[in-house]
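# Coordinates in review
So you can see what is in the structure, the chains are spelled out below.
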Amino acid sequence: PSTAAPPAVGGVTGGNGIVAYGAPPMGGASPPAPPAPYRGGAAGRDPNGKLWVGNLPVNVTDEMMETVFNTYGRVVEVNILPSKSKSGQRCAFVIYGTAQEADACLAAMASGYEMQPGTGELKVERPSGSKGGGYGGYGGAQKGGSKGYYGRPY
């Protein structure tokens with residue numbers, strides 16, 4: 001006889017017996033598993049639901065982001081960007097299902113929110129429509145093309 005856990009409905013049972021989501025049927029049809037956080041594609045997204053979040057702790061995870069930002073609405077995607085700063089601080093995009101949910105988050109975060117003590121307040125804003133302009137004004141349309149840090153082209 002096998003001691004392995006029964007397969008999960010709509011989920012995956014690992015070798016350790018932990019079910020990724022869902023539950024084994026118990027005497028009939030079980031309710032559908034809750035949907036996993038959305039991870040890509042354009043369906044179900046309001047283009048104005050996207051927020052940029054900066055000053056994140058070095059050890060931030062998708063789960064930490066979802067826990068904090070689901071407080072203000074339905075997060076459909078979290079995209080943590082690789083750290084390029086010497087301090088190791090990170091940034092991410094959080095995408096809500098609607099612009100109203102993003103607005104609620106912006107309003108709540110305006111008073112300040114620190115994810116971990118001592119890491120500083122998060123910076124939350126709507127991303128700009130253009131790629132240039134950040135990093136102290138470097139970039140953007142310049143004669144001779146866009147120049148990077150120390151005047152070297154990208």
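Below you will find a few notes about this structure. (Residues numbered from 1 in each chain as written. Predicted model: local features only at pLDDT ≥ 70, side-chain atom pairs only at ≥ 80, totals over all residues. Heavy atoms only, no water.)

## Digging into unusual backbone geometry
Positive phi, normally seen in glycine, also occurs at asparagine 55, with a value near 65°. A residue is classified by how much of its surface remains accessible, and asparagine 55, at 13% relative accessible area, is buried. (Buried < 20%, exposed > 50% of the residue type's maximum accessible area, 1.4 Å probe, protein only.)

## Re the pattern of salt bridges
Counted according to the given criterion, the structure contains one salt bridge. For arginine 126, the salt bridge goes to aspartate 103, with nearest N and O atoms at 2.8 Å. Of the two residues, arginine 126 is situated in the loop between strand S4 (123–125) and helix H3 (134–137) and aspartate 103 in helix H2 (residues 99–109); the sequence distance between them amounts to 23 residues. (Salt bridge = Lys/Arg side-chain N within 4 Å of Asp/Glu carboxyl O. Helix = DSSP H or I, 4+ residues; strand = E, 2+ residues; numbered from the N terminus.)

## Considering the pairing of strand S3 (residues 90–96)
Most of S3 is tucked away, with five of its seven residues classed as buried. Relative to S3, strand S1 (residues 50–56) is paired through five bridges, and the arrangement is antiparallel. Its bridge partner lying in S3, valine 53 is registered against alanine 92. Looking at chain direction, strand S2 (residues 75–80) and S3 are connected through five bridges and run antiparallel. Considered in S3, the bridge of valine 78 is made with valine 94. (Pairing = 2+ DSSP bridges.)

## What to know about the sheet that holds S1
Reading across the sheet, the four strands line up as S2-S3-S1-S4 and stay open at both edges, with antiparallel pairing between neighbours. Of all strands in the sheet, those bounded by a partner on one side alone are S2 and S4. Taking each pair of neighbouring strands and ignoring which way they run, the sheet shows an average axis angle of 20°. H2 rests against S1, S3 and S4 of the sheet, and its axis sits at about 145° to S4. (Axes fitted to C-alpha atoms, helices over the stretch in contact; angles between N-to-C directions. Contact = heavy atoms within 4.5 Å.)

## Description of the nonpolar core
Of all hydrophobic cores here, the largest spans 19 residues; its most connected members are Val53, Leu56, Met65, Phe69, Tyr96, Leu122 and Val124. At the level of elements, S1, helix H1 (62–69), S2, S3 and H2 are the ones that each hand at least two residues to this core. Methionine 65 has contacts with Val53, Leu56, Val60, Asn70, Val78, Ile80, Ala92, Val94 and Met115, leaving out every residue within four places of it along the chain. (Core = buried A, V, L, I, M, F, W, Y, C linked by side-chain atoms within 4.5 Å.)

## Regarding the packing of aromatic side chains
Under the criterion given, the structure shown has zero aromatic pairs. Here the basic side chain of lysine 50 rests over the ring of phenylalanine 93, its NZ or CZ set 4.5 Å away from the ring centre. (Phe/Tyr/Trp six-rings, centres within 6.5 Å; stacked < 30°, edge-to-face > 60°. Lys NZ or Arg CZ within 6 Å of the ring centre and 35° of its normal.)

## A look at H2
For H2, the set of buried residues is Ala99, Glu101, Ala102, Cys105 and Met109. Seen from one end, H2 has its buried residues packed into an arc of 160°, which puts them on one side. With respect to the buried face of H2, the exposed residues turned more than 90 degrees away are Gln100 and Ala107. Looking at the buried side of H2, the elements it contacts are S1, H1, S3 and S4. (Arc of directions from axis to C-beta.)

## Topic: H1
Within the sequence span of H1, burial applies to Met65, Glu66, Val68 and Phe69. Down the axis of H1, the buried set is contained in an arc of 165°. They therefore lie on one face. Facing away from the buried side of H1 by more than 90 degrees, the exposed set consists of Glu63 and Thr67. Residues of H1 that are buried make contact with S1, S2, S3, H2 and S4.

Fair warning: the whole summary comes from geometry, so function is off the table for now.
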